[in-house]
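Observations on chain architecture
One-letter residues, chain by chain:
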Amino acid sequence: MVTERTKSILKLKEKNLLIIFTRNPELGKCKTRLAATIGDQAALNIYKFLLEHTATITKNLNVSKEVHYSIKVRKDDVWDSTIYSKKQQIGEDLGQRMENAFKQGFANGYQNIIIIGSDIYDLTLADIETAFTSLQSYEYVIGPAEDGGYYLFGMKSVNSQVFKNKTWGTNTVLKDTLNDLQKNNIKLLEERNDVDVYDDIKDITIFQKFLS
């Protein structure tokens, strides 16, 4: 017998999609700006730790979930295939890859789609739940990062403009995105710290074990 709670969960999964963009965790190929200070192995260890954190906070979220890999899809890794659908990122730059992921999601019938990275230790389950709730009242939801980018972006229909003419990985991304959306109804979440360089982690206790 299907309970009302089960029906409600299934309805949320049919309507809401969380896309997680991730880089394949390979030595010397991830967190390169961080690695410039602490070395390739320590940077890889930190990245794997961040992947595990992201999997932990998202696995019980009552929405559909997809992991989009930068290089190749992996079957046996931190992302449980019974929980996450696995896909390959498509596009020449980050903007194209995100745009294509959103287009695919909306084409598959989802009404609210949110994308996050896999390297935000400050990100919580509550942040993502708040973001999906916000899309009931707002056209867009954005989680600003301390470095001038964003750690979360959500919308109810494809807007290709937000993925064009951006210098990805710089402190202008959030400003330029907000400029694109200045006539729209936007919900801004709390600012969070993402992990790109040594200064992002040097004073945070949880990361000290990787730096010794």
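A few points on the structure. Everything numeric here is computed off the predicted structure, so don't read it as measured data.

1. Re the pairing of strand E5 (residues 140-144)
A regular strand carries its side chains on alternate faces of the sheet. The buried fraction of E5 amounts to 5 of the 5 residues, a majority that puts the element mostly inside the structure. Alternating positions in E5 separate into two faces, Tyr 140, Ile 142 and Pro 144 on one and Val 141 and Gly 143 on the other, with burial throughout. Where E5 meets strand E6 (residues 150-155), 5 bridges bridge the pair, whose relative direction is antiparallel. In the strand pairing of E6, Val 141 is matched with Gly 154. Linkage of E5 to E6, two consecutive antiparallel strands, is achieved through a turn of 5 residues, within which Gly 148 is found at a positive phi near 95°.

2. Here we look at unusual backbone geometry
For residues besides glycine, phi is generally negative; the peptide bonds are generally trans as well. Positive phi values are uncommon outside glycine, yet Lys 31 reaches one of about 50°. Within the fold, Lys 31 resides in the loop between strand E1 (16-22) and helix H2 (32-38). Looking at Lys 31, the relative accessible area reads 11%, which means it is buried.

3. Some words on the side chain of Thr 54
Of note, Thr 54 is situated in helix H3 (residues 40-58). Side-chain polar atoms of Thr 54 contact the backbone oxygen of Ser 118, separated by 3.1 Å. Setting aside residues up to four positions removed in sequence, Thr 54 forms contacts with Ile 20, Trp 79, Tyr 84, Ile 116, Gly 117, Ser 118 and Asp 119.

4. Considering the packing of aromatic side chains
Applying the stated criterion across every chain, the model contains 11 aromatic pairs. Ring plane angle 85° and centroid distance 5.8 Å describe the contact between Phe 49 and Phe 207, whose orientation is recorded as edge-to-face. A residue pair is termed long-range when its members are at least 10 positions apart, and Phe 49 in helix H3 and Phe 207 in the loop between strand E7 (186-188) and helix H7 (208-211) qualify at 158 residues. With 6.2 Å between their ring centres and 40° between their planes, Tyr 140 and Phe 153 make a pair best called tilted. Of this pair, Tyr 140 sits in strand E5 while Phe 153 sits in strand E6, placing them 13 residues apart in sequence. Judged by relative accessible area, which is 0%, Phe 153 ranks as buried. Each residue in the set Phe 102, Phe 106, Tyr 140, Tyr 150, Phe 153 and Phe 163 is aromatic and connected to the rest through ring pairs, giving one cluster.

5. Some details on the pattern of salt bridges
Inspection of the entire model under this criterion finds 13 salt bridges. Ionic pairing is found between Arg 74 and Glu 26, a salt bridge with its closest N-O pair at 3.4 Å. Taken together, the residues Arg 74 in the loop between strand E2 (64-69) and strand E3 (85-88) and Glu 26 in the loop between E1 and H2 connect sequence positions 48 residues apart. Judged by its relative accessible area of 27%, Arg 74 is partly exposed. A salt bridge links Lys 175 to Asp 176; its shortest N-O distance comes to 3.3 Å. The exposure class assigned to Asp 176 is partly exposed, which follows from its relative accessible area of 22%. Taken together, the shared-partner salt bridges in this structure form one network comprising Lys 31, Arg 33, Asp 119 and Asp 196.

6. Looking at the nonpolar core
Counting 26 residues, the largest nonpolar core has Leu 18, Trp 79, Ile 114, Ile 116, Ile 128 and Leu 152 as its most contacted members. Only E1, H3, E2, strand E4 (112-116), helix H5 (125-134) and E6 provide two or more residues apiece to this core. Element by element, the count of residues in this core is highest for H3, at 5 residues. Apart from residues lying up to four places away in sequence, Leu 18 is in contact with Thr 58, Leu 61, Val 63, Ser 64, Lys 65, Glu 66, Ile 114, Ile 116, Ile 128 and Phe 132. Grouped together as the second largest cluster of nonpolar side chains are 21 residues, Leu 17, Met 98, Met 155 and Leu 181 included.

7. Description of the pairing of E1
Most of E1 is tucked away, with 7 of its 7 residues classed as buried. Because side chains alternate across E1, one face comprises the buried residues Asn 16, Leu 18, Ile 20 and Thr 22, and the other comprises Leu 17, Ile 19 and Phe 21, equally buried. Relative to E4, E1 is paired through 5 bridges, and the arrangement is parallel. Among the inter-strand pairings, Leu 18 is bridged to a residue of E4, identified as Ile 114.

What counts, and at which threshold
- Residues numbered from 1 in each chain as written.
- Predicted model: local features only at pLDDT ≥ 70, side-chain atom pairs only at ≥ 80, totals over all residues.
- Heavy atoms only, no water.
- Buried < 20%, exposed > 50% of the residue type's maximum accessible area, 1.4 Å probe, protein only.
- Helix = DSSP H or I, 4+ residues; strand = E, 2+ residues; numbered from the N terminus.
- Pairing = 2+ DSSP bridges.
- Polar contact = N/O pair within 3.5 Å; in protein donor to acceptor, adjacent residues only side chain to side chain.
- Contact = heavy atoms within 4.5 Å.
- Phe/Tyr/Trp six-rings, centres within 6.5 Å; stacked < 30°, edge-to-face > 60°.
- Salt bridge = Lys/Arg side-chain N within 4 Å of Asp/Glu carboxyl O.
- Core = buried A, V, L, I, M, F, W, Y, C linked by side-chain atoms within 4.5 Å.

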